[in-house]
Every structure is written in C-alpha cells, then in structure tokens.
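# Analysis of the macromolecular model
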Amino acid sequence: MMSGDGLVVRVRPRLARFTGAQVLGLCALAQRHGSGVLDLTNRANIQIRGVAEADHEPLLQELAALSLLDVDPGVESRRNILVQPFWQAGDLTERLTLGLLDLLPDLPALPAKVGFAVDTGPAPLLSEASADFRLERSASGLILRADGSPFGRPVTEAEALPALAEMARWFDARRSPDHRRMAQVLENHTLPEGWAVEPPLAAAQPPQPGAHPMGALLGAAFGQIDAAELSGLITDDTALRVTPWRLVLLEGAELPTAGSLITTPGDPLLHVDACPGAPLCPQATVETRELARALAGTRPGSLHVSGCAKGCARARPAETTLVGREGSFDLVPGGKASDLPRQTGLTPATLLSGAF
C-alpha cells in the first residue's frame, strides 16, 4: 500500500508467531528498506513503513528467504486469520489453525477483508476483533459462529473445518458488492437451521502488559515499535507473538527495565488510538500522534485521534474522537470518525487546554 512516507508492506505471521530469527530479520529489513519502525495492526500483523518503490522487490525476496511469504500470492491474500495468541504446542487452537491454513486454497474467493478467528482458548479473547467466521468454545464444546450472530453451530473438532467450508460457500452465494461482510449478509439472510443455536463462553478481558506465564507481554503506543530497540530484546531462542491489542509477547523473556515499550498495566497510552496522520498519510491534514500522546489520560475512557474521517486507526466508537479536517479538529463524543461532529474548528492549543 502507498502512503505519504512510501510503501507500507504488511507481513502476516502464521499462528500469530515469529521465530527469533524472523523477528531479527524483520527488524533489519525495517532499518535497511523502511523507516526503522514496525507497526502492529489490529489484525495482529506487522507492517514495515517507508519502503521506496525500488526497494519493494528486494524486500519481498528477503521476506521470502525468512519464510514469511506464501509461494502462491493467492493463498497469501486469503491468509487473514486471527489466532488466540496464547496457544500451546499441540493444543486445539494450533490444530485448527494448521488445518485452516491447509483448507484456504479450497475455499471460495472471498472479499479481501473477510477473515477468520480461531479463538478456542479457555475463554474468547477475540470477540471485539474483526472476523467473519469464528471458531470458539461454548459451555458444551466447540462452535462455529458467523459474525453478526450471537449463537453458533455446535461442531466436533473433526466437523469444524468442513462446517467452516460449508459456511464460506453459503456466505459466498449470498454476498453482494454492497454486502461483503458476514454481518451485512445476515441483515438480509437467515442462517440455516442448527447454525445459530449455542452461545460462546463469556469473553475474557483483554490482557494487559506485564509479566506473563509465557514470558513478557509488552505494549506499544499506537502500535509502533522501534526496530532497533526490539532487535536488542530478541535472540534466536526468543520467539515473538503478536496480538490485536498492540501487545507483543516475548516468549521466555523478562520484562525490560528501559526503553519505550509499555510494561505497566493500565498505561493510558493503551487507551488511545491514532493513525500516522500528516505528513505520513496523504489523506490527513493534521498531525495526530504528538497530540494523542499529550492528551492520553486527560479524558475519561478511550480516545481516538484521526487524521481524517476514514478513521483507519479505530473502526469502533470511542468516548472521545477527534477528526482532522482542513488543518483543525472536529469533536465527536461517543462516536466514530465518520459520525457528525458536535464541535468543529478546534485547534491543538484548545484541545490541550481542555476547553472542549
């Protein structure tokens, strides 16, 4: 994708995990071909920013050498799978995800943003993350749930992936150019009998940074990590798991005592969403992240600072949303960047004074 500072190259890990060698390779590539930072996305992917067009093909070749690209670009485009990141080797989550990876080439050609969630840990963790097809646990076992339905279809492990393929074909036959996501299709169509009969377990609270039984859970303000800093925390034996909550898990590591990564639960920066803003994004007319950092913790609840009305950093409503427009900000309380503002023409100085 082209942005104001060059190409943005997205890397999708398998099973939400990079080996130590892969992380060190990504850090080196971000410094050699990009702007020296790695971005965490809300789909638990990693992006390298600021890549020159001339560097794109060499970068792809080096990513392939790190085993981070699929041989078939078509499979790569379909590998939009969110995985509960705290899986253990050989458990249900790993087994289902590996099976889904093998199944992808046989599924219909689905719209680009359609995705899957394998959320089969002790309690759902990915309920707030975007996914059209969800494998989850219920009180009696395993369910397959269509996004937009509060209930799912009970399945055994052996039935889960064939049922998912059946649901994908059902969705593909009913989607349209204006209804490209499962929740939109369910506005006009009813799921077949037996596909929406059992609720998932109650969702668990998202994890917080700090010590974790599997290692060190570290937060990244705005999802941005300095590649040089991260490489200093990694060895060939230290794998990295990525999450949709702007947290990374360093397997088997201790919490760092210095650096920019967040180690404290409840840090206000983890409740702030902000896109790169101007001048990094050509759609934005305002700087975003410096203001967002200054406002963090000064308002109750969540804060979203968006460079434009597209609201790329946060699709959900926030308690306070600030939207850039023609060099100033609009205020949308309790809404999304695309909603009608209550106030317009606010300057950074006004916002920092709290007079809004």
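Residues numbered from 1 in each chain as written. Predicted model: local features only at pLDDT ≥ 70, side-chain atom pairs only at ≥ 80, totals over all residues. Heavy atoms only, no water.

## Brief notes about the overall build of the protein
A count of helices and strands for the protein gives 9 helices and 20 strands. In terms of overall dimensions, the protein is globule-like: its C-alpha atoms have a radius of gyration of 21 Å, near the 21 Å expected for 356 residues. Dimensions of the protein, computed from the C-alpha atoms along their principal axes, are close to 60 × 50 × 40 Å. Working note: accessible area of the protein is about 15,900 Å², and carbon and sulfur atoms make up 52% of it. Taking the average place of the 31 positive charges on the side chains of the protein and the average place of its 40 negative ones, the gap between the two points comes to 4 Å. (Helix = DSSP H or I, 4+ residues; strand = E, 2+ residues; numbered from the N terminus. Rg over C-alpha atoms; globule rule 2.2 N^0.38 Å. Areas by Shrake-Rupley, 256 points an atom, 1.4 Å probe, with all protein chains shown as cover. Lys, Arg positive; Asp, Glu negative; His and termini not counted. Charge placed at Lys NZ, Arg CZ, Asp CG, Glu CD.)

## Some thoughts on the nonpolar core
Core analysis: the largest hydrophobic core is formed by 99 residues, its most contacted members being Phe18, Leu100, Phe116, Phe133, Leu240, Val242 and Leu322. Among the elements that take part in this core, helix 5 (residues 157–174) stands out by supplying 9 residues, more than any other. Beyond its immediate chain neighbours, meaning those up to four positions away, leucine 240 contacts Ala16, Arg17, Phe18, Val23, Ile46, Leu230, Val248, Leu249 and Leu250. (Core = buried A, V, L, I, M, F, W, Y, C linked by side-chain atoms within 4.5 Å. Buried < 20%, exposed > 50% of the residue type's maximum accessible area, 1.4 Å probe, protein only. Contact = heavy atoms within 4.5 Å.)

## Some words on helix 1 (residues 20–33)
Between its terminal C-alpha atoms helix 1 stretches 20 Å, which fits the 20 Å expected from 14 residues at 1.5 Å a residue. Along helix 1, the positions that sit buried rather than exposed are Gly20, Gln22, Val23, Gly25, Leu26, Cys27, Leu29, Ala30 and His33. (Expected span 1.5 Å × (residues − 1).)

## Here's the deal with the packing of helix 1 against helix 2 (residues 53–65)
Taken N-terminus to C-terminus, the directions of helix 1 and helix 2 make an angle of 170°; their axes are 11 Å apart at the nearest point. The angle between the axes of helix 1 and helix 2 places the two elements in the roughly antiparallel class. Each of Leu26, Leu29, Arg32 and His33 in helix 1 lies in contact with helix 2, whose residues at this interface are Asp55, Pro58, Leu59, Glu62 and Leu63. Split into classes, the residues belonging to the contact of helix 1 with helix 2 amount to 5 nonpolar, 1 polar and 3 charged. (Axes fitted to C-alpha atoms, helices over the stretch in contact; angles between N-to-C directions. Parallel < 35°, antiparallel > 145°, perpendicular 65-115°, else oblique. Nonpolar A, V, L, I, M, F, W, Y, C, P; charged D, E, K, R; others polar.)

## Quick look at the packing of aromatic side chains
This model, assessed by the stated rule, comprises 3 aromatic pairs. Taken together, a centroid distance of 5.3 Å and an interplanar angle of 25° make the contact between phenylalanine 116 and phenylalanine 133 stacked. On the criterion of sequence distance, the pair formed by phenylalanine 116 in strand 7 (residues 116–119) and phenylalanine 133 in strand 8 (residues 133–137) is long-range, its members being 17 residues apart. Phenylalanine 116 sits in the buried class, given a relative accessible area of 3%. Residue phenylalanine 133 is classed as buried on the basis of its relative accessible area of 1%. Measuring from centroid to centroid gives 5.9 Å for phenylalanine 133 and phenylalanine 171, while their planes differ by 90°, and the two rings are edge-to-face. In this pair, phenylalanine 133 sits in strand 8 while phenylalanine 171 sits in helix 5, placing the two residues 38 residues apart along the sequence. Like phenylalanine 171, phenylalanine 133 is buried. (Phe/Tyr/Trp six-rings, centres within 6.5 Å; stacked < 30°, edge-to-face > 60°.)

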